[in-house]
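Structural features, examined
Chain by chain, the residues run as shown.
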Amino acid sequence: GSGLSFVASRRIAELMNQFIDSSDNISLMETIVILLRNFNLLNLQLDLWKAQNIYFSMGRKIYIAKQRSSLSDHMAQRWISTFDSLGQILQVRVV
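Residues numbered from 1 in each chain as written. Predicted model: local features only at pLDDT ≥ 70, side-chain atom pairs only at ≥ 80, totals over all residues. Heavy atoms only, no water.

1. Quick word on the nonpolar core
If you look at the biggest cluster of nonpolar residues, it comprises 29 residues, and the most contacted ones within it are Met16, Ile32, Leu36, Trp79, Leu86 and Leu90. Taken together, the elements giving at least two residues each to this core come down to α1 (2-21), α2 (26-41), α3 (49-69) and α4 (74-90). Examining the composition of this core, we find that 7 residues originate from one element, α2, more than from any other. If we ignore the near neighbours within four places in the chain, the residues touching Ile32 are Ile12, Leu15, Met16, Phe19 and Leu86. (Core = buried A, V, L, I, M, F, W, Y, C linked by side-chain atoms within 4.5 Å. Buried < 20%, exposed > 50% of the residue type's maximum accessible area, 1.4 Å probe, protein only. Helix = DSSP H or I, 4+ residues; strand = E, 2+ residues; numbered from the N terminus. Contact = heavy atoms within 4.5 Å.)

Set out below in structure tokens:
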């Protein structure tokens, strides 16, 4: 119930805070995406405003630079793809 939703929301916020400090960590971002998908399958009512704010601010800072380098960099392409997936789940757009 609501206790699980609270714990899940807090965990996502913690992982997003880690992502701030290691924004190139694609596997961390993939973990967040997988967790959010699983939480959605459980129909948890998540409080994602912290995660959404972090996503939005990071997107404005990093996304455009990654887009520029993605023309030649496969890791940047993977980062953008994963970041886009994360944004869809969080229902946040940066561009």
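Back to the text.
2. Comments concerning the packing of aromatic side chains
The full count for this structure, using the stated rule, is 4 aromatic pairs. Consider the rings of Trp79 and Phe83, whose centres lie 4.6 Å apart with planes at 10°: the pair is stacked. Here the residue Trp79 and the residue Phe83 both occupy positions in helix α4, the gap between them amounting to 4 residues, near one helical turn. No difference in accessibility class separates Trp79 from Phe83, as the two residues are buried. Taken together, the aromatic side chains of Phe19, Tyr55, Tyr63, Trp79 and Phe83 make up a single cluster linked through ring pairs. (Phe/Tyr/Trp six-rings, centres within 6.5 Å; stacked < 30°, edge-to-face > 60°.)

3. Quick look at the packing of α3 against α4
Between α3 and α4, whose axes approach to 10 Å, the crossing angle comes to 155°. Classified by the interaxial angle, the pair formed by α3 and α4 is roughly antiparallel. The hand of the α3/α4 crossing is left-handed. Facing Ala51, Gln52, Tyr55, Met58, Gly59, Ile62, Tyr63, Lys66, Gln67 and Ser69 of α3, the residues of α4 in contact are Ala76, Trp79, Ile80, Phe83, Asp84, Leu86, Gly87 and Leu90. (Axes fitted to C-alpha atoms, helices over the stretch in contact; angles between N-to-C directions. Parallel < 35°, antiparallel > 145°, perpendicular 65-115°, else oblique. Left-handed = near helix turned anticlockwise from the far one by under 90°.)

4. A short note on the packing of α1 against α2
It is at 10 Å that the axes of α1 and α2 come closest, and there the two elements cross at 165°. It follows from the interaxial angle that α1 and α2 lie roughly antiparallel. Crossing angle aside, the handedness with which α1 passes α2 is left-handed. The residues of α2 that touch α1, namely those facing Ala8, Ile12, Leu15, Met16, Gln18 and Phe19, are Leu28, Met29, Ile32, Leu35, Leu36 and Phe39.

5. A word on the environment of Arg78
Locating Arg78 in the fold gives a position in helix α4. By relative accessible area, Arg78 is classed as partly exposed at 35%. Taking the C-alpha atoms as reference points, Arg78 and Ser27, 51 residues apart in sequence, are found 10 Å from one another. Discounting chain neighbours no more than four positions away, the residues touching Arg78 are Ile26 and Glu30.

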